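# Understanding the architecture of this molecule
Below are the chains, spelled out letter by letter.
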Amino acid sequence: MSGERHSGGCQCGAIRYLIEGVLGRAGFCHCRMCQKAFGSIGAPLVGVPRNQLSWTRGEPAEFRSSAIVARGFCRVCGTPLYMLEDGWPIYEIAIGTLDDPSACAPDHVVGVESKLRWADSLPHLPGHGTAEDRTPEDLARLASRQHPDHDTEHWPPVSG
């Protein structure tokens, strides 16, 4: 096993995990189940062998999205964490839950029969930063309450 380590977790910090080893193949799934599970146009997922993944804080809840697939999520904040097929030795971890989601990039796309008609137009739309259309007061109200992108001894932090 490689010396690589990747940590991650849900938005609220109730669930944290550690991957010890190299990340597997990453892909983007457009299937309707992934659209529903992620509340989005699809799901960016990366394969991780079961024996390389450990839950370091909390335990995910699961929903059976089909007869053979379990989808893990945080029961507190709802963050989708993984997809796991029965009998398959690989977790498909939601890339956005990695503390460093740029650590892997999808190299294939699946489920294209359910791809939304407008999905390919997204890269061509004009874009801008959040601060470009918000007042300083708005930005102050948007202060993040999510868990930081690293492990913490305690979460939420103890206020003093």
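The structure contained in this document is the topic of the report that follows. No experiment lies behind these values; they were computed from the predicted model shown. (Residues numbered from 1 in each chain as written. Predicted model: local features only at pLDDT ≥ 70, side-chain atom pairs only at ≥ 80, totals over all residues. Heavy atoms only, no water.)

## What to know about the layout of surface pockets
As a reminder of what qualifies: Cavities and pockets are defined on a 1 Å grid built over the protein atoms alone: a cavity is a set of grid points where a 1.4 Å probe fits but cannot escape, while a pocket is an open set with protein on both sides within 12 Å along at least five of seven lines, and lining residues are those with an atom within 4 Å of any such point. Grid points are joined across faces, edges and corners, and a volume is the space filled by probe spheres set on the points. Think of it this way: any DSSP run of H or I at least four residues long counts as a helix, any run of E at least two long counts as a strand, and we number them from the N terminus. The residue classification treats Ala, Val, Leu, Ile, Met, Phe, Trp, Tyr, Cys and Pro as nonpolar and Asp, Glu, Lys and Arg as charged. All others, Gly included, are polar.
In this structure, the largest pocket spans a volume of roughly 350 Å³. As for the largest pocket, its lining consists of 21 residues, and the residues nearest its centre are Cys-29, Leu-45, Met-83, Glu-92 and Val-110. Those elements that place two or more of their residues in the lining of the largest pocket are β3 (26–29), α1 (32–38), β4 (43–49), β7 (69–73), β8 (80–85) and β9 (90–94). Looking at side-chain class alone, the lining of the largest pocket contains eleven nonpolar, five polar and five charged residues. Considering only enclosed or pocket space, the second largest pocket measures out at about 210 Å³ in volume. Around the second largest pocket, the lining is made up of 17 residues, and of these Gly-9, Cys-10, Gln-11, Gly-96 and Thr-97 lie nearest the centre.

## Thoughts on the nonpolar core
Convention followed: Residue types Ala, Val, Leu, Ile, Met, Phe, Trp, Tyr and Cys, when buried and joined through side-chain atoms within 4.5 Å, form a set referred to as a nonpolar core. Only protein chains enter the accessibility calculation, which uses a 1.4 Å probe; a residue is then buried when its area is under 20% of its type maximum, exposed when over 50%, and partly exposed in between. Whether two residues touch is decided by their heavy atoms; if any such pair falls within 4.5 Å, the residues are in contact.
In terms of nonpolar packing, the biggest core is built from 18 residues, with Ile-19, Leu-23, Val-46, Leu-53, Ile-93, Leu-98 and Cys-104 touching the most fellow members. At the level of secondary structure, the elements contributing two or more residues to this core comprise β2 (16–20), β4, β8 and β9. The residues touching Val-46, leaving out its near neighbours within four places in the chain, are Leu-23, Gly-24, Arg-25, Ala-26, Tyr-91, Glu-92, Ile-93, Ile-95, Leu-98 and Cys-104. By size, the runner-up hydrophobic cluster in this structure holds five residues, among which are Cys-29, Cys-34, Ala-43 and Leu-45.

## Re the sheet that holds strand β6 (residues 61–66)
Stated formally: Should DSSP find at least two bridges between two strands, the strands are regarded as paired.
Spatially, seven strands are ordered β6-β7-β8-β9-β4-β3-β10 in an open sheet, and the strand pairing comes out mixed. Each edge of the open sheet carries a strand with a single partner, namely β6 and β10 (109–110).

## Some details on the packing of aromatic side chains
Applied cut-off: Aromatic pairs are defined between Phe, Tyr and Trp rings, using the six-membered ring for Trp, whenever the two ring centres lie within 6.5 Å; interplanar angles under 30 degrees are classed as stacked, those over 60 as edge-to-face, and all others as tilted.
Scanning the model with the defined rule gives four aromatic pairs in all. Judged by centre distance (5.7 Å) and plane angle (40°), the ring pair of Trp-55 and Tyr-82 falls under tilted. Taken together, the positions of Trp-55 in strand β5 (residues 53–57) and Tyr-82 in strand β8 put the pair 27 residues apart, joining distant regions of the chain. Its relative accessible area of 7% is what places Tyr-82 among the buried residues. The interplanar angle of 85° and the centroid separation of 4.9 Å between the aromatic rings of Tyr-82 and Tyr-91 together place this pair among those described as edge-to-face. Per residue, the accessibility class of Tyr-82 equals that of Tyr-91, and both read buried. Aromatic rings pair up to connect Tyr-17, Trp-55, Tyr-82 and Tyr-91 into one cluster.

No statement about biological role is implied by the geometric values presented.
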